[in-house]
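What follows is the residue order along each chain.
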Amino acid sequence: YDMAGATAIVIASDGLWDVLGDADARLLVSRGITEGVPERAAGLLVDEALRRGSTDNITCLAIFLSTVGRMENGPACGAHRRH
């Protein structure tokens, strides 16, 4: 995927946001892009929330927006963990 210039939107439950801030989410999504696996962004966020001790249900959706033609069959990914 050509992710240059793409915008990411993260929609998540409070189980994620209770332990992660916006800057944390931005870094993890960027890491997924840099590592060439943007489709893993939601999983990275959920894994980190669990690592930080979230005790609530965690649901996360990462959506990537780009200009038309730039991201064919572009990634959208989601993850959910239940305690």
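You'll find the structure just up there.
Residues numbered from 1 in each chain as written. Predicted model: local features only at pLDDT ≥ 70, side-chain atom pairs only at ≥ 80, totals over all residues. Heavy atoms only, no water.

Asks: Any chance you could explain the overall build of the chain here in plain terms?
Replies: Each helix and strand in the chain was counted, giving three helices and three strands. Looking at the 83 residues of the chain, the share that counts as buried comes to 31%. Relative to all contacts within the chain whose residues are 6 or more apart in sequence, the contacts with residues 24 or more apart total 68%. Total accessible area computed for the chain in this model is approximately 4900 Å², and 49% of it derives from carbon and sulfur atoms. (Helix = DSSP H or I, 4+ residues; strand = E, 2+ residues; numbered from the N terminus. Buried < 20%, exposed > 50% of the residue type's maximum accessible area, 1.4 Å probe, protein only. Contact = heavy atoms within 4.5 Å. Areas by Shrake-Rupley, 256 points an atom, 1.4 Å probe, with all protein chains shown as cover.)

Asks: Please clarify how the pattern of salt bridges should be interpreted in this entry.
Replies: Two side chains with opposite charge may pair up if their charged atoms get near one another. In the structure shown here, the tally under the stated rule is five salt bridges. In this structure, aspartate 47 engages arginine 40 in a salt bridge whose closest nitrogen and oxygen atoms are separated by 3.5 Å. Here glutamate 48 and arginine 52 are joined by a salt bridge, their closest N and O atoms 2.8 Å apart. Connected through salt bridges with shared partners, the residues Asp24, Glu48, Arg51 and Arg52 form a single ionic network. (Salt bridge = Lys/Arg side-chain N within 4 Å of Asp/Glu carboxyl O.)

Asks: What am I meant to see in the environment of tryptophan 17 here?
Replies: Structurally, tryptophan 17 is set in helix H1 (residues 14–17). Spatially, the C-alpha atoms of tryptophan 17 and leucine 45 are 9.8 Å apart, while their sequence positions differ by 28 residues. Once residues within four sequence positions are removed from consideration, tryptophan 17 is found in contact with Val10, Ala12, Asp22 and Ala25.

Asks: Looking at this structure, how should I read the side chain of serine 54?
Replies: One can find serine 54 in the loop between helix H3 (41–51) and strand E2 (58–65). Here glycine 15 takes part through its backbone oxygen, which lies 2.6 Å from a polar atom of the side chain of serine 54. (Polar contact = N/O pair within 3.5 Å; in protein donor to acceptor, adjacent residues only side chain to side chain.)

Asks: Would you take a moment to explain the nonpolar core for this structure?
Replies: Proteins that are soluble and globular tend to have nonpolar side chains buried together. Counting residues in each nonpolar core, the largest one holds 14 residues, and the members touching the most others are Leu16, Leu20, Leu45 and Cys60. Taken together, the elements giving at least two residues each to this core come down to helix H2 (22–34), H3 and E2. Here this core gets five residues from one element, more than from any other, and that element is H3. (Core = buried A, V, L, I, M, F, W, Y, C linked by side-chain atoms within 4.5 Å.)

Asks: When you look at the environment of leucine 16 in this model, what are you seeing that I'm missing?
Replies: For leucine 16, the location among the structural elements is in helix H1. The exposure class of leucine 16 is buried, given its relative accessible area of 0%. Not counting residues within four places of it along the chain, the set of residues in contact with leucine 16 comprises Leu45, Val46, Ala49, Ile58 and Cys60.

Asks: Help me understand the environment of alanine 25, please; the structure alone is not making it clear to me.
Replies: As for its position among the elements, alanine 25 is in helix H2. Here alanine 25 falls in the buried class, since its relative accessible area comes to 5%. Sequence separation of alanine 25 and leucine 45 is 20 residues, and the distance between their C-alpha atoms is 6.7 Å. Excluding residues within four positions of it along the chain, alanine 25 makes contact with Trp17 and Leu45.

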